[in-house]
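# Geometric and topological summary
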Amino acid sequence: MNVIVSIGTSTNTQDNILAAKEILSAMFRKVLFSSTMKTKPMNGADNYYYINCLAMFDTSMSYPQLKEWLKEREQDCGRNKEDTHDGYVTLDMDILEYNGKRYKKEDWKRDYNKKMLAELRG
């Protein structure tokens, strides 16, 4: 199945984006990554920024298996819910598209995701 995954981090951003890319590349073949973009948090806070990118790859995992695997990798990288409530996200990886079906409808409306998706599908 073809998948598009969004990746975001607001702490130790360069290291965490690199870790996410390495994790995905070690698990899946031929992972394509968009360039990274610096974005403001959705809550309008100016005290931190996110670094985001998209990844596109094929997998034989089912949607639930992939979702669980991604959430486990987030935790492996230090993500916890308490930090998320404060706006600091070690690593967030969400499935935006799985086998042509779109998820996270609000994420599809974000300009930075549109730009990164156009770059991937170029």
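Here's a quick rundown of the structure. Small disclaimer: the values here were computed from a predicted structure and weren't measured.

For any two aromatic rings, the description comes down to two numbers: the centre-to-centre distance and the angle of the planes. In the structure shown here, the tally under the stated rule is four aromatic pairs. Centre to centre, the rings of F28 and W69 are 5.4 Å apart; their planes meet at 80°, and the pair counts as edge-to-face. Taken together, the positions of F28 in the loop between α1 (13–27) and β2 (32–33) and W69 in helix α2 (residues 63–76) put the pair 41 residues apart, joining distant regions of the chain. Residue classification places F28 among the buried positions, given a relative accessible area of 7%. Ring geometry for Y63 and Y103: centres 4.3 Å apart, planes at 20°, overall stacked. Of this pair, Y63 sits in helix α2 while Y103 sits in the loop between β6 (101–102) and α4 (105–108), placing them 40 residues apart in sequence. Taken together, the ring pairs in this structure connect F28, F57 and W69 into an aromatic cluster.

The end-to-end C-alpha distance of α1 is 21 Å, a good match for the 21 Å that 15 residues give at a rise of 1.5 Å each. Looking only at α1, the buried set comprises N16, I17, A20 and L24. Seen along its axis, α1 keeps its buried residues to an arc of 100°; they face one direction. Set apart from the buried face of α1 by more than 90 degrees, the exposed residues are Q14 and A26.

Before going further, it helps to examine the pattern of salt bridges. Evaluation of the coordinates by the stated rule reveals 10 salt bridges. The closest approach of N and O atoms between D94 and K71, which form a salt bridge, is 2.8 Å. Note that D94 is positioned in strand β5 (residues 92–98) and K71 in helix α2, a separation of 23 residues in sequence. Owing to a relative accessible area of 9%, D94 belongs among the buried residues under this scheme. Among the ionic pairs, E97 bridges to R121, the shortest N-O distance being 2.7 Å. Placement of the pair is E97 in strand β5 and R121 in helix α5 (residues 111–121), with a sequence separation of 24 residues. Taking the relative accessible area as the measure of exposure, R121 reaches 43% and is therefore partly exposed.

Our focus in this paragraph is the nonpolar core. Core analysis: the biggest nonpolar cluster contains 30 residues, and I7, L24, F28, F57, L66, L70 and M93 have the highest contact counts within it. Mapped by element, the contributors of at least two residues to this core are β1 (2–9), α1, β4 (50–58), α2, β5 and α5. Tallying contributions element by element places β4 first for this core, with six residues. Each residue touching M93, except ones within four places of it in the same chain, is listed here: V5, S6, I7, A20, L24, L70, K71, R73 and E74.

Thresholds applied
- Residues numbered from 1 in each chain as written.
- Predicted model: local features only at pLDDT ≥ 70, side-chain atom pairs only at ≥ 80, totals over all residues.
- Heavy atoms only, no water.
- Phe/Tyr/Trp six-rings, centres within 6.5 Å; stacked < 30°, edge-to-face > 60°.
- Helix = DSSP H or I, 4+ residues; strand = E, 2+ residues; numbered from the N terminus.
- Buried < 20%, exposed > 50% of the residue type's maximum accessible area, 1.4 Å probe, protein only.
- Expected span 1.5 Å × (residues − 1).
- Arc of directions from axis to C-beta.
- Salt bridge = Lys/Arg side-chain N within 4 Å of Asp/Glu carboxyl O.
- Core = buried A, V, L, I, M, F, W, Y, C linked by side-chain atoms within 4.5 Å.
- Contact = heavy atoms within 4.5 Å.

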